Amino acid sequence: QKEVEQNSGPLSVPEGAIASLNCTYSDRGSQSFFWYRQYSGKSPELIMSIYSNGDKEDGRFTAQLNKASQYVSLLIRDSQPSDSATYLCAVVTGANSKLTFGKGITLSVRP
Amino acid sequence: EAQVTQNPRYLITVTGKKLTVTCSQNMNHEYMSWYRQDPGLGLRQIYYSMNVEVTDKGDVPEGYKVSRKEKRNFPLILESPSPNQTSLYFCASRQSYSNQPQHFGDGTRLSIL
């Protein structure tokens with residue numbers, strides 16, 4: 001079983017819609033979860049971190065964590081063309097606290 | 001400005017010619033790591049370092065070496081590069097606490113002919 005899995009995508013939504021990105025992880029002991037955004041050819045940029053069950057909101061972004069289901073998601077409200085990028089889910093796993101990434105999902109926001 | 005700096009940003013070289021990609025951070029972070037990113041494979045960790053003189057293998061260490069003689073620097077060494085090491089490389093750092101996010105450099109695109 002892959003350690004961090006994301007829907008393969010790509011995901012396309014119209015401008016103004018809600019984009020929902022999902023991620024599951026296998027290490028039940030994981031405590032730290034991150035969402036990174038990566039534009040083509042650029043480095044990953046942290047957009048959200050979440051550590052406790054429930055929702056965490058920051059502007060148009062909401063991260064949701066459910067440790068019992070080993071599931072973390074990212075909602076982007078009022079999607080803009082500038083949100084078009086690859087979104088990477090990352091989970092701290094294992095005894096050495098390694099940051100393990102999902103393969104990412106590419107989001108395209110249509111004007 | 002807090003940052004992770006990698007050099008070079010782009011490099012085209014030939015098989016077998018030793019090269020070093022430098023990484024430096026100015027945030028006094030204990031933890032540093034190297035990743036490679038390939039289409040369809042995502043970001044994979046090559047090596048990491050918990051602190052000065054402490055390094056360990058990640059998921060794909062074959063063909064690479066690292067050193068951590070100073071806290072701020074974590075160079076990646078390819079002693080005898082091969083074409084399968086053509087990739088986009090990222091250096092990252094974070095504070096020692098595992099719940100802190102990693103900050104990434106701008107990346108180095110390596111092409112090995």
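Each remark here, short or long, concerns the structure printed above.
Bear in mind the structure is a predicted one, so any value in this text is a computation, not a measurement.

Chemist: I tried to follow the pairing of strand β6 (residues 54–58) of chain A on my own but got confused; where do I start?
Modeler: Within a regular strand, side chains alternate between the sheet's two faces. Residues and elements named next belong to chain A. Note: β6 against strand β7 (residues 61–66), 5 bridges, orientation antiparallel. Bridge assignment links Asp 58 to a residue of β7, and that residue is Phe 61. Between β6 and β7, which pair antiparallel and follow one another directly, the connecting turn spans 2 residues, one of which, Gly 59, has a positive phi of 65°.

Chemist: Looking at this model, I keep getting lost on the pairing of strand β3 (residues 19–25) of chain A. Mind explaining?
Modeler: Residues and elements named next belong to chain A. Burial along β3 is one-sided: the face carrying Ala 19, Leu 21, Cys 23 and Tyr 25 is buried and the face carrying Ser 20, Asn 22 and Thr 24 is not. Both strand β1 (residues 4–6) and β3 contribute to a ladder of 3 bridges, which runs antiparallel. The residue of β3 that forms the bridge with Gln 6 is Cys 23. Here β3 pairs with strand β8 (residues 71–76) via 6 bridges, running antiparallel. Bridging from a neighbouring strand, Leu 21 pairs with Leu 74 of β8.

Chemist: What am I meant to see in the packing of aromatic side chains here?
Modeler: Any pair of aromatic rings gets described here by the distance separating the centres and the angle formed by the planes. This model, assessed by the stated rule, comprises 10 aromatic pairs over all chains. A centroid spacing of 6.0 Å and a plane angle of 70° characterise the contact between Phe 101 of chain A and Phe 104 of chain B, whose relative ring orientation is edge-to-face. Here Phe 101 of chain A, found in strand β10 (residues 98–101), pairs with Phe 104 of chain B, found in strand β10 (residues 103–104), and the two come from separate chains. Overall, Phe 101 of chain A belongs to the buried group, its relative accessible area being 9%. With centroids separated by 6.2 Å and ring planes inclined at 85°, the aromatic side chains of Phe 90 of chain B and Phe 104 of chain B adopt a geometry described as edge-to-face. Here Phe 90 of chain B is found in strand β9 (residues 87–94), whereas its partner Phe 104 of chain B is found in strand β10, with 14 residues between them in sequence. The burial state of Phe 90 of chain B is the same as that of Phe 104 of chain B; both residues are buried.

Chemist: Please explain the state of the cysteines as it appears in this structure.
Modeler: Working definition of a disulfide: a covalent bond connecting the sulfur atoms of two cysteines. Throughout the structure, instances matching the rule amount to 2 disulfides over all chains. The disulfide bridge from Cys 23 of chain A ends at Cys 89 of chain A, spanning 2.1 Å between sulfur atoms. The sign of the -75° torsion about the S-S bond sets the Cys 23 of chain A-Cys 89 of chain A disulfide as left-handed. One end of the pair, Cys 23 of chain A, is in strand β3; the other, Cys 89 of chain A, is in strand β9 (residues 85–93), and 66 residues separate them in sequence. Note on Cys 23 of chain A: relative accessible area 1%, which makes it buried. Of the residues examined, Cys 89 of chain A reaches a relative accessible area of 0% and is grouped as buried. A disulfide bridge connects Cys 23 of chain B with Cys 91 of chain B, and the sulfur atoms are separated by 1.9 Å. Classification of the bridge connecting Cys 23 of chain B and Cys 91 of chain B rests on its S-S torsion, roughly -75°, and on that basis the disulfide is left-handed. Placement of Cys 23 of chain B in strand β3 (residues 19–25) and of Cys 91 of chain B in strand β9 is noted, with a sequence separation of 68 residues between them.

Rules used in this analysis
Residues numbered from 1 in each chain as written. Chains lettered and ligands numbered in written order. Predicted model: local features only at pLDDT ≥ 70, side-chain atom pairs only at ≥ 80, totals over all residues. Heavy atoms only, no water. Pairing = 2+ DSSP bridges. Helix = DSSP H or I, 4+ residues; strand = E, 2+ residues; numbered from the N terminus. Buried < 20%, exposed > 50% of the residue type's maximum accessible area, 1.4 Å probe, protein only. Phe/Tyr/Trp six-rings, centres within 6.5 Å; stacked < 30°, edge-to-face > 60°. Disulfide = S-S within 2.5 Å.

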